[in-house]
Structure formats: C-alpha cells, structure tokens
Protein chains: 2
Amino acid sequence: MAYEAYFKEHREEHLDQLKEWISIPSISAQSEHKGDVNRAAGWLADTLKNAGLENVEIHETAGHPVVYADHLHAPGKPTILVYGHYDVQPVDPLHLWETPPFEPDIRDNKLYARGATDDKGQLFLHIKAIEAILRQEKSLPVNIKVCIEGEEEISSANLHPFLEANKDKLATDAVLISDTELLGPGRPAICTGLRGLCSLDVNVRTANTDLHSGTYGGGVPNALHSLVTLLASLHDEQGRVSVDGFYDDAPALSDEMRAELAKKGFDEEQLKARLDLDALFGEEGYSYVERTGARPTLEINGMYGGFQGEGTKTVIPGEAHAKITCRLVGRQKPQDILDKIERHIRSHTPAGARVTVVQREKGNPFTIEPSIPLLQKAADAYEQVYGTRPVFTKDGGSIPIVEAFARELSAPVVLMGFGLPTENLHAPNEHFHLENFDKGLLTIVEFLKRI
Amino acid sequence: MAYEAYFKEHREEHLDQLKEWISIPSISAQSEHKGDVNRAAGWLADTLKNAGLENVEIHETAGHPVVYADHLHAPGKPTILVYGHYDVQPVDPLHLWETPPFEPDIRDNKLYARGATDDKGQLFLHIKAIEAILRQEKSLPVNIKVCIEGEEEISSANLHPFLEANKDKLATDAVLISDTELLGPGRPAICTGLRGLCSLDVNVRTANTDLHSGTYGGGVPNALHSLVTLLASLHDEQGRVSVDGFYDDAPALSDEMRAELAKKGFDEEQLKARLDLDALFGEEGYSYVERTGARPTLEINGMYGGFQGEGTKTVIPGEAHAKITCRLVGRQKPQDILDKIERHIRSHTPAGARVTVVQREKGNPFTIEPSIPLLQKAADAYEQVYGTRPVFTKDGGSIPIVEAFARELSAPVVLMGFGLPTENLHAPNEHFHLENFDKGLLTIVEFLKRI
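The rules behind these values
Residues numbered from 1 in each chain as written. Chains lettered and ligands numbered in written order. Predicted model: local features only at pLDDT ≥ 70, side-chain atom pairs only at ≥ 80, totals over all residues. Heavy atoms only, no water. Helix = DSSP H or I, 4+ residues; strand = E, 2+ residues; numbered from the N terminus. Rg over C-alpha atoms; globule rule 2.2 N^0.38 Å. Buried < 20%, exposed > 50% of the residue type's maximum accessible area, 1.4 Å probe, protein only. Contact = heavy atoms within 4.5 Å. Areas by Shrake-Rupley, 256 points an atom, 1.4 Å probe, with all protein chains shown as cover. Lys, Arg positive; Asp, Glu negative; His and termini not counted. Charge placed at Lys NZ, Arg CZ, Asp CG, Glu CD. Pairing = 2+ DSSP bridges. Axes fitted to C-alpha atoms, helices over the stretch in contact; angles between N-to-C directions. Phe/Tyr/Trp six-rings, centres within 6.5 Å; stacked < 30°, edge-to-face > 60°. Lys NZ or Arg CZ within 6 Å of the ring centre and 35° of its normal. Buried area = accessible area lost by both parts, 1.4 Å probe. Salt bridge = Lys/Arg side-chain N within 4 Å of Asp/Glu carboxyl O. Polar contact = N/O pair within 3.5 Å; in protein donor to acceptor, adjacent residues only side chain to side chain. Least-squares fit on C-alpha atoms with pLDDT ≥ 70 in both. UniProt positions renumbered as here; feature names shortened; annotations may be inferred. Expected span 1.5 Å × (residues − 1).

Quick notes on the overall build of chain A
Working step 1: If you tally the helices and strands in chain A, you get 15 helices and 18 strands.
Working step 2: What you see for chain A is a C-alpha radius of gyration of 25 Å, in line with the 22 Å of a compact globule of 451 residues.
Working step 3: The dimensions of chain A, computed from C-alpha atoms along their principal axes, are 85 × 50 × 45 Å.
Working step 4: Of all 451 residues assigned to chain A, the portion counted as buried reaches 59%.
Working step 5: Here the analysis covers contacts within chain A between residues at least 6 apart in sequence; of these, 79% occur between residues at least 24 apart.
Working step 6: As presented, chain A carries roughly 17100 Å² of accessible surface, and 48% of it is formed by carbon and sulfur atoms.
Working step 7: Each charge class in chain A was averaged separately, 46 positive and 68 negative side chains, and the resulting centres sit 3 Å apart.

Side note on the sheet that holds strand β13 (residues 319-328) of chain A
Working step 1: Taken together, the eight strands give an open sheet; going across it, the order is β14(A)-β9(A)-β13(A)-β11(A)-β11(B)-β13(B)-β9(B)-β14(B), and neighbouring strands pair in antiparallel fashion. Only two strands of the sheet have a single neighbouring strand rather than two, namely β14 (354-363) of chain A together with β14 (354-363) of chain B. Adjacent strand axes in the sheet meet at a mean angle of 20° when their direction is disregarded.
Working step 2: Pairing of strand β11 (residues 297-306) of chain A with strand β11 (residues 297-306) of chain B, which is carried by five bridges, proceeds in the antiparallel orientation. Considered in β11(B), the bridge of Tyr304(A) is made with Tyr304(B).
Working step 3: The strands that helix α12 (residues 334-348) of chain A touches are β9 (196-205), β11, β13 and β14 of chain A; relative to β14(A), the one it contacts most, it runs at about 165°.

A word on unusual backbone geometry
Working step 1: The omega angle of the peptide bond from Asp92(B) to Pro93(B) is -5°, so this bond is cis rather than trans.
Working step 2: You can see Pro93(B) is positioned in the loop between β3 (79-85) and β4 (105-107).
Working step 3: Across the junction of Asp118(B) and Asp119(B), the peptide omega takes the value 0°, indicating a cis bond.
Working step 4: Relative to the helices and strands, Asp119(B) resides in the loop between β5 (110-112) and α4 (120-137).
Working step 5: Here Lys138(A), not a glycine, exhibits a phi torsion of approximately 65°, which is positive.
Working step 6: Checked against the element boundaries, Lys138(A) lands in the loop between α4 (120-137) and β6 (143-149).
Working step 7: Looking at Lys138(A), the relative accessible area reads 67%, which means it is exposed.

A few points about the packing of aromatic side chains
For any pair of aromatic rings, the description consists of the separation of the ring centres together with the inter-plane angle of the planes.
Residue and element names in this part refer to chain A.
Working step 1: Taken as a whole and judged by the stated rule, the model has 20 aromatic pairs over all chains.
Working step 2: Taking the centre distance of 6.3 Å and the plane angle of 35° together, the rings of Tyr-3 and Phe-7 count as tilted. Within this pair, Tyr-3 and its partner Phe-7 are both found in helix α1 (residues 3-9), separated by four residues, close to a single helical turn.
Working step 3: Taken together, the ring pairs in this structure connect Tyr-3, Tyr-6 and Phe-7 into an aromatic cluster.
Working step 4: A cation over an aromatic ring shows up here: Lys-169 above the ring of Tyr-68, its NZ or CZ 4.6 Å from the ring centre.

A short note on the interface of chain A and chain B
Working step 1: At the junction of the two partners, chain A supplies 72 residues and chain B supplies 71 residues.
Working step 2: Summing both sides of the interface, chain A and chain B together bury roughly 5600 Å²; the carbon and sulfur share of this comes to 51%.
Working step 3: The interface formed by chain A and chain B holds six salt bridges in total.
Working step 4: Here Asp276(B) ties to Arg354(A) by a salt bridge, and the two come within 3.2 Å at their closest N and O atoms.
Working step 5: At the junction of chain A and chain B, the tally comes to 44 residue pairs in polar contact (both at pLDDT 80 or more).
Working step 6: For the side of chain A that touches chain B, the element with the most residues is β11(A), which contributes 10 residues.

Observations concerning the relation of the copies chain A and chain B
Working step 1: Once chain A is rotated about the relating axis by 180° and shifted along it by 0.1 Å, it coincides with chain B to within an RMSD of 0.1 Å. Such a combination of rotation and displacement between the chain copies is what one expects of a two-fold axis. Every residue of chain A has its C-alpha some distance from the rotation axis, and the shortest such distance is that of Tyr304(A), at 2.1 Å.
Working step 2: Comparing contact sets, 99% of the residues at the interface of chain A also lie at the interface in chain B, consistent with an isologous, same-surface contact.

Overview of the UniProt feature "domain: Peptidase M20 dimerisation" (unreviewed entry) in chain A
Working step 1: Mapped onto this structure's residue numbering, the UniProt feature "domain: Peptidase M20 dimerisation" (unreviewed entry) falls at residues 193-351 of chain A.
Working step 2: Along residues 193-351 of chain A, the helical share is 32% and the strand share 23%, with 41 Å between the first and last C-alpha atoms.

A short note on helix α15 (residues 434-450) of chain A
Working step 1: Taking 1.5 Å per residue as the helical rise, α15(A) with its 17 residues ought to reach 24 Å, and the 24 Å between its terminal C-alpha atoms agrees with that figure.
Working step 2: Of all the residues in α15(A), the buried ones are Leu434(A), Asn436(A), Phe437(A), Gly440(A), Leu441(A), Leu442(A), Thr443(A), Ile444(A), Val445(A), Phe447(A) and Leu448(A).

Considering the pairing of β6(A)
Residues and elements named next belong to chain A.
Working step 1: Most of β6 is tucked away, with seven of its seven residues classed as buried.
Working step 2: Residues Asn-143, Lys-145, Cys-147 and Glu-149 point to one face of β6 and Ile-144, Val-146 and Ile-148 to the other, with burial holding for every one of them.
Working step 3: Strand direction decides the pairing type here: strand β2 (residues 66-71) and β6, joined by five bridges, are antiparallel. Looking at β6, one finds that Ala-69 is bridged to Val-146.
Working step 4: Two strands pair when backbone bridges link them, and strand β3 (residues 79-85) and β6 are joined in this way by seven bridges, in the parallel orientation. Opposite Leu-81, over in β6, you have Lys-145 as the bridge partner.

Considerations on the sheet that holds strand β4 (residues 105-107) of chain A
Whether parallel or antiparallel, the strands of a sheet pair through hydrogen bonds between backbone atoms.
All names here are of chain A.
Working step 1: With respect to topology, three strands assemble into an open sheet ordered β4-β5-β18, the strand pairing being antiparallel. The open sheet has two free edges, formed respectively by β4 and β18 (431-433), since each of these has just one partner strand. When the angles between neighbouring strand axes are averaged without regard to direction, this sheet yields 25°.
Working step 2: Judged from the three bridges that link them, β4 and strand β5 (residues 110-112) form a sheet pairing that is antiparallel.

Below, the structure written as structure tokens:
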C-alpha cells in the first residue's frame, strides 16, 4: 500500500493515540505535575515499543527522565538519532483557552491542546513514520536511535550531562529534530542556524547611599548617569555593537546566503503596523531578516535605579542596574563575548563609578551548511510532499541543546519543522494544523527512504 | 539691664516655654495630627500676644492655618516681616530616637526633640528677641510683622495663594527668616542664594509590547537603548549639561563671589570617605562648593524599564522611563529650562522611539547681593555676637517660598540661620545646640537695633 493510503487508513487511530498522549499534562516546570511527566514518559516508551523500536529504556535523571529506543538492523547504512521532548509549557492564563488545554479538540482541521505542536505532535510524526515503514516493509532503510527528553521547556539541564555521559550509546551520523516552523502554510523551511546566547548583569555603585540633589547635585557622581553613559557606549549611531572584537567571529554573509535568506520574504510595513512601530532599527548594511537571523545583537533587557514612584524625588541614586543579553552567530563563543563586554565596561567606566559584572547564561550558536547532502535530501523530501522546495532559514532564537548535539556527537543536525508560526506555542490555544500532520508523516518517510 | 544679662536671667523660663511648644506633635504631613497642628498654631498665637505683638490672627486655609501678628509703632522706620513655620517633619524611624521626639530633653547643652531646630527653636528666638526689646525699651526700633505657616514641610501649598492675596497686609521692607545653617560651631553664615527647581518625567515607547529578543533582537528599536542614548546626550564628557541654552541665564561667577564661596571651606577627602566615593564629579572649571551652590545641575533621579527580576529574561522592552530634576540659579526660569530640555529631547530622539514628557515641579531660584546694606547689617550683628564675620554662602537646596516672598513683596530676604549642619534635621535625634540659642537671641536683637 502506498504510504499516503496507509496514513489515510490509520488517520483516526493515529489522532486518537496522539490525543491520549496530549491529554497527559506533562508540565515540566511544575512539581505538582511530576507524576504526569512520568506518565507521559511511560506512554512514550510503550508507544515506541509498539511501533517496533527496541531497547526501549526510561533513564532517570536528577530531573525528569530521558526515553531512549533504537532499531539497528540496517548494517552499512547511516544511523539517524531522532530527538524531541515530551514535556510541555504551563497553561496560564487558563481563561483564554477556548477548550481546556488537556482536552484535545479538533476544529477546522486543527488539533487544539497544550503540546499539540510543541513538541508532542511533531515528535509523534517520527514514531508513526518509523512504525509505518516497519509495518509496510518489515525493515528500516537506516539505523534509528531515539532520544527524548522531558526538560526542554526548562533548559534541558539534565540532558547536557546525559549527552556527555552517553556519547557511545548515542553515536550517530545525523540528528533529526522536528521542533521548528514552516514559514507559513505550504511554505516549508529548514533551519540552518540558531543564535547562541550569553547574558550578564551590570551593577553600578557610586556613593554608599542615595544623596539629596539639593545638597550634592552637581558635585558627586550619579550612578544612573554613569550607567547611562556606559550603556550608550555599547552601540554606535549605525546600530553596530561598539565592543572591541564583538564581530570577530561572526561570519560575513556570502551573496548566496543573503539570497537564500531573502527568499524567506519579509513585509516591513506589516511588522511595523502589528507592533505599532514608527521605524525598524538595527545594524546598518543588513536587512531585517539578516539582522534578526544571521547577525549577532546586544540588547538591554532591563534597567533600574533611583526613584520609580509617582511624582518627583530629588535624589541622586547611589546605585543602578542593567541586564544585558547577546545573541551570537557563527563561531562567536559566549565566554569570549562576555569577556570582551567586560573589558569594554572596564575601559568605559566613568570616573567615580564602581562597576560589577555578573556573567549568567552561555549557549553556543548552531549553524549548518545548506549544501551538505543530508540537508539537500531533506529538502528533496519536503519538495516531493509539499510541491515546493523549502527555504534554508536562520532563526534568531536560541536552542542550546541543538548545538550540544552537534558538538557532543560530531554529527549534523537536521531541523525539519512542521509547525506554523501562528500556532500559539507557549500561549493559550496552542494547536497543530493537521495538513502538516498529514504531510509531516509523508515527508519523514520520504526523508528516511532517501538517505 | 544689658540683653546678655536679661536672656541669662530668663533662660530657664524661655527654654521651658520652647519645650512646651515642641512637645506638641505638629506633624503637618499626617492627618491624625491635624489637632496638634492647630494646637501648635494656638500656642504660637498666645505667645506672640504675650510677647507684646498685636493684631494676632489665626488665618484658616485649605490646609493648616497661617498665624499673623504685627507691631507697627515705629513711624518712619523700616518694616521687617518675620517668616517661619510651626509644623514639623514626621518622626520615623521612631526606634532610632534616644529620647522620645516629643519629650524635649537637654543633654550636653543641646535641646533634643523634633522641631528643636527646624523650625520652632529658631523661630522662637525671634519672638523672645522682640519680647525682650519691648520689655526693656517699651518700643521696637522697627515695625514688625510676623507670618508663620504650618505647611512648610509639605511644600507651602496654601502659603503661596495667601501671599498673593495679602500683599498689602504683608507689605514690608525686608523679610527675615531663620531656617538655615551656620557653617559649623562658631562659624556664622548668611545664605545669599537658593537654587530653583524644575522636574520632568521622560517616557519612551517603541513597540506596543515587550518583544522576544530571539525573534526580534537586532531588528527593532529597544526602548531602553533609546532612553539611554537620549539621557547620555544630556551631558558632555566635561560634566556640563548639553541642553542648548541651559546656562544662558546662569550668571558667571565673579572673582569676588568665588572668593566668598571659597571661604566656606570644603574637605574633599572627608566627603569622599563619608560617602565611600572613588571620585567627585561635576562641571569642569568649578569647585565642589561652586558646583553644588552656585551652578545649575541636571540629575537623573530614577529610571526603569524592562525586566528587573532575578536572572535573565530575553526581552526587548517596549517602554522605558526616567525622572529628571534640575537645580537652577540666577535668572534661570523653570518653565524656560523645561522647554529647552523638551526641545533637546525632541531633537535627540532616536529613530523608532516616541517620547512623551511630563513637566512637574517649578520653583524659581533665589539670590540676593551680599553688598546690600541690610545684609551687611546682619553680618555686623553676627560679628558682634560671634566675634567673627559670617560667610555669604550659596545653598544648593531649594526653598521656593523664599523666592516667592522676595517676588510677591518686592523685598530682600535675609536668611539668618542658627542651626548647625549636624543637627539631624528631618532625621531621628533632631536637636538644637543651645550655644546658638543664646547667641541667636542676641544676634537678632543686635540686627533689629542696627537696621
């Protein structure tokens, strides 16, 4: 039977299974759902077994378990490691949900529930695709390993050490992940870059107390003036980051890459209207899509000092605080960038100010060449099913575990997403458009068979 | 009897009276003390009457009453209007007081209580000086008017309209106020300048919501970047305010004025040690005493935007806020300065930011020429009693009612203070050094007789 017919025949059964899984409120961030998280892991293990996968294991960690399974009966063929996560985001604000988040409901060919697209629904496609091939052909065209975590929504704290400790077990020729997005309906995309992340707090102290601006105004340093001066020095007037060496390891954009990114398409007026923005702003010489996907950035995320109440208080603040994050690309390393920012801060600290820096998060950027055969095969699979070749995109966000997989396992990571940007991830009324449920199953089968 | 002997003979009686007045908790800011404020006004009216003053009136206002009295029996002689206030500051934190704030206690020749120096104690000197002259000489060398308010600690909201409505009644040749400070023990001072004040809020909006720095970072304006850029433009690297025309109406300091201000003396190392400051900072070309007394200043009093919690939040703030006050000198007008700052803000607003400005307080600076005869006579009186000529100082703080008296009544204002900078005004353990109680009585008598 052709796969299209097979999936059609089993559609109701598959959707019922997915609904059953999605009904389990496996919210990793909330300890009262610890039992649900475990139930979702157990359900996953059983389903992997029923699909024909072997060596199904539930690995306990310091947090939520990692589920492993494999099917290694294609000697001489490549090994593919499928990664995904069975945990979901919290559901607040509950009153904005049109149907309860853990009572899956299909309306207008969309499956509504928490986790419908992120990531249970997309991960489920891989299980059913593998199951379909095994049932139809009694064997797989590749060796398969599956590694599913329950802490993606809470920073994958325990997957990082699991990866390090299980490099042999997880050894693979490629990692396959469906946790990203199409550009829009019928517009497939393969993400070839995720930005890295580093963050820091900047704390300025001048006097040991706030001072009266009548008595001292004009004669002593003001912590807010110092911080404002310091932060203003971080960018030049062309929107570039002024930190010495900041761009050293950010690759120049080739004409090919720029042409590929431009395919994504971008409606500046529509964005300005939606955000009620007078103007866009960013690094001179780059388009919006390049700035947000393929260029690094430094943003002040928060700042405070002195009097914040109503009216006037004639005070000279003795301390002031800011929070900063950078998004990184190419070979930029979080620690190196943090060190460069600290050097900039030291050399730009105004007289009378004492600055302390607290370094916080550090995540490497991920990048993969669209030209490698595996990505071209993924593109072929999409094109076969969707009738249009996917665009190779760069995503501005950060998923540090992707880079960790690539680095720890020395394997390319293929990001084949089937969600839509409008599916309310992390928000009320999360849903998964079933057109991409149907096409996703076929695309994964196509991809596995083409490798 | 010489006045020295007179005041010595009546010292216990005077101190007992003052203690009685100070025992009344006339805290103008706290409505539960409304009755106490009225009692303090009544006590004052009775005491003025007993001192020999006439036409004693308690004027009700929208807030606390104004007490008026006069003694107008010196035809052809100048009229002097004595101003002061009978309200006091709140007493928190109560546990830091060594003796209860409204149980006056004399220790080490200092009278401890709320209001001991600010301003009941200093105002009391005038009443007893007038009473002494009347008792000793049966007449006054000048005409006297007394105008005492009960809202100085809460911005004199009702005295301003009272002044405007009673210009004829209050008409005078000079205003005499004791609500300022000596430079230190045995170092008298006459304040010849108080800075004016204006304040404003600056609000920046970029997008209509906070945005995710992964998706949008590098492509959209950041409200904190905009505000930081804007605020950094307000000063140059030499600590000068960069607002066009800001200094236009601030007078140049003459060599004489600089020499007079330098007499105040200032220990930079002591100040740095006390405030734990690495360095002082301010407008280049001016000393600390000049910067804080005779030069205008612009201070950011508070600022906030974006994430202020613990850790990292990858957000691009859609709005940011700052609060600014200026201290003004010479002929600088609050409205003019606010308008100039607004123009600066308009012309320095970064692309993509929308800025709104809320103008708040406006108080004119006060200044008086030390060379005028009345101030020289005040200096003579101090010199006679203290054995040293007072320094003519500029105070960095703002008491808008002083300028209002000078303007509404077209009269010079003589600021003859008898407090010390160390007497804990507005703080626990406020006190009044009785050396200046004794010398203050004699100095006021000397001054009135010399006019």
